[in-house]
Amino acid sequence: MNEELVTHAAGAEELGVLVGAVGAAGFFSLMIVIVWQVAATWRARMLAAREEQYKDLATRYARLLEDTVELQRRTTDEQRHLLDELTQTRLAVGSMEKMMREIE
């Protein structure tokens with residue numbers, strides 16, 4: 001009878017070890033899944049933040065490009081105006097030279 005109790009006790013102990021091992025494996029598996037999901041969520045948030053920064057940069061770039069085009073247009077208009085004034089000045093100086101030559 002003692003041998004049966006020892007066998008039952010050994011069987012119960014082995015079962016307890018098996019249950020403990022399965023429980024520990026389940027717990028560690030759960031912890032791995034939780035850590036994995038937290039890391040995936042963090043990564044997704046970082047990617048979303050980076051995407052938002054890229055959108056902001058693209059918007060700023062487009063605005064700067066529009067400003068640059070406007071400045072180039074203004075500069076071109078001013079250069080044309082200055083060229084017209086220079087042409088008129090040359091014509092005026094030329095006609096003055098012609099008048100002075102006729103007077104001499």
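Residues numbered from 1 in each chain as written. Predicted model: local features only at pLDDT ≥ 70, side-chain atom pairs only at ≥ 80, totals over all residues. Heavy atoms only, no water.

Undergrad: Got a minute to help me understand the overall build of the protein chain in this structure?
TA: Counting its secondary structure elements, the protein chain contains one helix and zero strands. By the burial criterion, 0% of the 104 residues in the protein chain qualify as buried. Only carbon and sulfur atoms are counted for the fraction: they give 64% of the accessible area of the protein chain, which is about 10100 Å². (Helix = DSSP H or I, 4+ residues; strand = E, 2+ residues; numbered from the N terminus. Buried < 20%, exposed > 50% of the residue type's maximum accessible area, 1.4 Å probe, protein only. Areas by Shrake-Rupley, 256 points an atom, 1.4 Å probe, with all protein chains shown as cover.)

Undergrad: What is the right way to read the packing of aromatic side chains from this model?
TA: Each aromatic ring pair is described using two quantities: the centre-to-centre distance and the angle formed by the ring planes. Counted by the stated rule, this structure contains one aromatic pair. Here the aromatic rings of Phe 27 and Phe 28 are separated by 5.6 Å at their centres, their planes lie at 65°, and the arrangement is edge-to-face. Looking at Phe 28, the relative accessible area reads 53%, which means it is exposed. (Phe/Tyr/Trp six-rings, centres within 6.5 Å; stacked < 30°, edge-to-face > 60°.)

Undergrad: What should I look at first to understand the pattern of salt bridges in this one?
TA: Pairing of side chains with opposite charge becomes possible as their charged atoms draw close. Going through the model one piece at a time under the given rule, you end up with four salt bridges. The salt bridge involving Arg 73 is made with Asp 77; its shortest N-O contact spans 2.8 Å. Of this pair, Arg 73 and Asp 77 both sit in helix α1 (residues 2-103), four residues apart, roughly one helical turn. Residue Arg 80 is joined to Asp 77 by a salt bridge in which the shortest nitrogen-to-oxygen separation is 4.0 Å. (Salt bridge = Lys/Arg side-chain N within 4 Å of Asp/Glu carboxyl O.)

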